[in-house]
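# Residue-level structural notes
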Amino acid sequence: MEDLKIENIVASSSIGGELDLWEVHEALDDSEYDPDSFPGLIFKLEEPKTSLLLFSSGKVVCTGAVAVEEPQKSVEKVKKLLNENGVETADEVKAEIQNMVASYDLGAEFNLNSLAITLGLERIEYEPEQFPGLVYRFKDSPVVLLLFSSGEMVCTGSRNEEQLKESVEKIEDELDKAGLLS
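Residues numbered from 1 in each chain as written. Predicted model: local features only at pLDDT ≥ 70, side-chain atom pairs only at ≥ 80, totals over all residues. Heavy atoms only, no water.

### A closer look at the overall build of the chain
Counting secondary structure elements, the chain contains 4 helices and 10 strands. The N-to-C order of helical and strand elements in the chain reads β-α-β-β-β-β-α-β-α-β-β-β-β-α. Its C-alpha atoms give the chain a radius of gyration of 20 Å, more than 25% over the compact-globule value 16 Å for 182 residues. Taking the principal axes of its C-alpha atoms as reference, the chain extends roughly 60 × 30 × 25 Å. (Helix = DSSP H or I, 4+ residues; strand = E, 2+ residues; numbered from the N terminus. Rg over C-alpha atoms; globule rule 2.2 N^0.38 Å.)

Written out as structure tokens, the structure is:
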């Protein structure tokens, strides 16, 4: 399962109460804030390489992480930078993962029309004129799979690595039982 590659993690947090985003903009060098085009402030970190959206409510959204520990590190780093520049924040910040996106190669090519029938139309969305992949939804999991004829797959909707791994194992098992994996 080492071929399962996390591509993006989205996490949310709260950095405290109300924030004056103009004050935050002054405190964070290279931050972007244009309230006429977007209600939040955008701040990009080099390490870990993530982007954070800070809102006047104190809410923070972290995107771009590729390891589960990176959102927490990112939020803590922004908290520290704000505190060092006189902006008060909560004593503790906790980043909660909302969505993980990963890619995986199933190692076989597929005829998506046949695959849709094999996997059962009740859990499938496949409209090749609109999207070149097959959307597969599990009955008992928030994870959604996008399967492509090349055998590449995108997994989304997970909140942890275990859900991702279970989903890959389930789809591989179903495809293997149907004789579609070599």
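### Thoughts on the packing of aromatic side chains
For the coordinates displayed, the defined rule picks out 4 aromatic pairs. Between Tyr-136 and Phe-138, the ring centres sit 5.1 Å apart and the planes meet at 85°, which makes this aromatic pair edge-to-face. (Phe/Tyr/Trp six-rings, centres within 6.5 Å; stacked < 30°, edge-to-face > 60°.)

### Examining the side chain of Thr-50
Mapped onto the elements of the fold, Thr-50 is located in strand β4 (residues 50–54). At a separation of 2.8 Å, a polar atom in the side chain of Thr-50 contacts the side chain of Ser-74. Apart from the residues lying within four places of it in its own chain, the contact partners of Thr-50 are Phe-43, Lys-44, Leu-45, Cys-62, Thr-63, Gly-64, Ala-65 and Ser-74. (Polar contact = N/O pair within 3.5 Å; in protein donor to acceptor, adjacent residues only side chain to side chain. Contact = heavy atoms within 4.5 Å.)

### Observations regarding the sheet that holds strand β2 (residues 32–33)
Two modes of strand pairing occur in sheets, parallel and antiparallel, and in both the strands are linked by backbone hydrogen bonds. Across the sheet, which stays open at both edges, the 10 strands sit in the order β2-β3-β4-β5-β1-β6-β10-β9-β8-β7 with antiparallel pairing between neighbours. For this open sheet the edge positions go to β2 and β7 (124–125), each flanked by a neighbour on one side alone. When strand β8 (residues 134–137) meets strand β9 (residues 144–147), the two strands line up antiparallel, connected through 4 bridges. Across the sheet, Tyr-136 pairs through a bridge with Leu-145, a residue of β9. Across the sheet, helix α3 (residues 112–119) is in contact with β7, β8 and β9; its angle to β8 comes to roughly 15°. Along the sheet face, helix α4 (residues 161–177) touches β1 (5–14), β6 (96–105), β8, β9 and β10 (152–158) and points at about 135° away from the line of β10. (Pairing = 2+ DSSP bridges. Axes fitted to C-alpha atoms, helices over the stretch in contact; angles between N-to-C directions.)

### Here's the deal with a negative patch on the surface
On the surface, Glu-69, Glu-161, Glu-162, Glu-166 and Glu-169 cluster together into a patch of negative charge. Mapped onto the elements of the fold, Glu-161 is located in helix α4. (Patch = residues over 30% accessible without salt bridge, like charges linked within 9 Å, V, L, I, M, F, W, Y side chains within 5 Å. Areas by Shrake-Rupley, 256 points an atom, 1.4 Å probe, with all protein chains shown as cover. Salt bridge = Lys/Arg side-chain N within 4 Å of Asp/Glu carboxyl O. Lys, Arg positive; Asp, Glu negative; His and termini not counted. Charge placed at Lys NZ, Arg CZ, Asp CG, Glu CD.)

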